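For reference, the chains in residue letters:
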Amino acid sequence: MEKSNSMYDFDDIRPVYDSEVSDAIEELIASEGIEDALRYVLPAFDWEAIKAKLRTCKTKQQFKENISYDLVSVIAKISTNSLTVSGGERITKDACTFISNHRDIVLDAAFLNVLLFDIGHAMTQITIGDNLLIHPWIKPVFRLNNSFFVKRNLPVRQKLEESKKLSAYIHHTIKETKESVWIAQREGRAKDANDSTQPGLLKMLSMGGDRDALSSLMSLNIVPIAITYEYDPCDYLKAQEFQLKRDNPDYVKSRRDDLLNMEIGILQNKGRVHFTIANPINPKLKSLQLKTNKNEIIDEIASVIDREIYEHYRFFPCNYIAFDLLNDSRRFCDFYNQQEFQAFSDYLQRQIGKIDTPAKDETFLRSKMLEMYSNPLKNHLANKISDW
């Protein structure tokens, strides 16, 4: 099903239909900068061969399998030590809404789709902020890759209407198109890795249903995903942003900053990367049916998602080392050796050395980077002693 029976016109936010793929590919090929962008990732590629391969794609599925899958696999090969997934057995045959913590602007969803395909599940539709449409070629790439757009930086009244339309589109996709959807648990990345689900996201998702908030959210079949990157190549950029905002509360990132984060995040080393498919949350929501306060229901659902993510993180020596360094302890010294300790200490110093900002505060920057690597462990530990 391509056309929607919804009261909304989704044309300005939806992916391409299969009937539009050939035109979108020609738009992509003609877009200024696409050849340079590909050569940046794959210096030795043959542009004529790529164009010919693109033109063989007549559906989104063919584009995802023959173009996106191969490109993302190459990126994984050159920028990770491993890319793995667990918990695939928890995915049912029904379409679901994957909600995850957010580490990389582009690769969280791209890696997820590669991993889902590898374990025999359909790739998802992907939620993308329109603030990332920095170059002309980016929009057709995303639309061909089954992405739909969230409009950012809108006036309050318009934002409400766009939120209703976005929610209606997601409900349409789950219930009518029968495709799964990926969306991050918050707008933008948690730059200190202190992951939490924004209640506003769940309020938006609840708008598109035709029943109460709880029933509407349960109809989306929410499945949390815990994403762990051993190393975040943008850690120093995030630490720098923390200092810039500390020193100037009015500081706002530029579009160039977003592009730099995309480039560094895609191409630089991430070490081991692991995705854990957590438990579908609907069984845990049945106890909320007696509640009537919408805000309480939303907050509790956010807490359930957070707990699933905290429970299913994958940890590496750097997480334990960062926790001990930040807290001046040896609590987790059994989880790393001296060589790993020294390697991570050297890594931190190299990353801090990349920061070029006025009045550079190395003590502050180091503490923010240690928080990034220790916060998932801190949340995991707190989750262990909390009552479910």
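See above for the structure.
Attention in this report is confined to the structure presented alongside it.

### A look at the packing of aromatic side chains
Two aromatic rings are characterised by how far apart their centres lie and by the angle between their planes.
Reasoning step 1: Applying the stated criterion across every chain yields a total of 18 aromatic pairs.
Reasoning step 2: Between Tyr 336 and Phe 341, the ring centres sit 6.1 Å apart and the planes meet at 25°, which makes this aromatic pair stacked.
Reasoning step 3: Among the aromatic residues, those joined into a ring-pair cluster are Tyr 310, Tyr 313, Phe 315, Tyr 320, Phe 323, Phe 332 and Phe 335.
Reasoning step 4: Over the ring of Tyr 17 we find Arg 14; its NZ or CZ atom is 3.7 Å from the centre of that ring.

### Quick look at helix H3 (residues 47-55)
An α-helical turn contains 3.6 residues, so any two residues separated by three or four positions project in the same direction.
Reasoning step 1: All of the buried residues in H3 are Trp 47, Lys 51 and Leu 54. With its buried residues spanning 60° around the axis, H3 presents them on a single face.
Reasoning step 2: Contacts made by the buried residues of H3 are with helix H1 (21-30), helix H2 (34-41) and helix H4 (60-79).
Reasoning step 3: N-capping of H3 is provided by Asp 46, with a side-chain oxygen placed 3.0 Å from the backbone N of Glu 48.

### Quick notes on the sheet that holds strand E6 (residues 222-229)
Reasoning step 1: Read across the sheet, seven strands follow the order E1-E7-E6-E2-E5-E3-E4 without closing on themselves; strand pairing throughout is mixed. With partners counted over all chains shown, the strands left at the sheet margins are strand E1 (82-86) and strand E4 (147-150), one partner each. On average, each strand axis in the sheet is tilted by 25° relative to the strand beside it, whichever way the strands run.
Reasoning step 2: Strand direction decides the pairing type here: E1 and strand E7 (residues 272-277), joined by five bridges, are parallel. From the neighbouring strand, Ser 82 faces E7, where its bridge partner is Arg 272.

### Observations concerning the nonpolar core
Reasoning step 1: Grouped together as the largest cluster of nonpolar side chains are 61 residues, with contacts concentrated most on Ile 170, Leu 202, Leu 205, Ile 301 and Phe 344.
Reasoning step 2: For this core, the leading source of residues is helix H13 (residues 294-311), giving eight residues.
Reasoning step 3: Excluding anything up to four places from it in sequence, Ile 170 contacts Phe 148, Ile 183, Met 204, Leu 205 and Leu 220.
Reasoning step 4: Among the nonpolar cores identified, the runner-up in size contains 56 residues, and Val 16, Cys 96, Ile 134 and Trp 182 belong to it.

### Side note on unusual backbone geometry
Reasoning step 1: At Asn 146, a position not held by glycine, the phi torsion is positive, near 65°.
Reasoning step 2: Looking at the element boundaries, Asn 146 is found in the loop between helix H6 (138-144) and E4.

### Digging into helix H15 (residues 338-353)
Reasoning step 1: The end-to-end C-alpha separation of H15 is 22 Å, in line with the 22 Å expected for 16 residues at 1.5 Å each.
Reasoning step 2: Along H15, the positions that sit buried rather than exposed are Phe 344, Ser 345, Tyr 347, Leu 348, Gln 351 and Ile 352. Taken down its axis, H15 places every buried residue within 155° of arc, on the same side. Those residues of H15 that are exposed and aimed more than 90 degrees away from the buried face are Gln 338, Gln 339, Arg 350 and Gly 353.

### Focus on the pairing of E4
Reasoning step 1: Residue alternation in E4 divides its side chains into two sets, Ser 147 and Phe 149 and Phe 148 and Val 150, and both sets are buried.
Reasoning step 2: Bridge count between strand E3 (residues 125-129) and E4: four bridges; the pairing is parallel. Following the sheet pairing, Gly 129 is matched in E4 by Val 150.
Reasoning step 3: After leaving E3, the chain enters H6 and then returns to the sheet as E4, a path that is right-handed.

Rules and cut-offs
- Residues numbered from 1 in each chain as written.
- Predicted model: local features only at pLDDT ≥ 70, side-chain atom pairs only at ≥ 80, totals over all residues.
- Heavy atoms only, no water.
- Phe/Tyr/Trp six-rings, centres within 6.5 Å; stacked < 30°, edge-to-face > 60°.
- Lys NZ or Arg CZ within 6 Å of the ring centre and 35° of its normal.
- Buried < 20%, exposed > 50% of the residue type's maximum accessible area, 1.4 Å probe, protein only.
- Helix = DSSP H or I, 4+ residues; strand = E, 2+ residues; numbered from the N terminus.
- Arc of directions from axis to C-beta.
- Contact = heavy atoms within 4.5 Å.
- Polar contact = N/O pair within 3.5 Å; in protein donor to acceptor, adjacent residues only side chain to side chain.
- Pairing = 2+ DSSP bridges.
- Axes fitted to C-alpha atoms, helices over the stretch in contact; angles between N-to-C directions.
- Core = buried A, V, L, I, M, F, W, Y, C linked by side-chain atoms within 4.5 Å.
- Expected span 1.5 Å × (residues − 1).
- Right-handed = clockwise from strand over helix to strand, strands pointing away.

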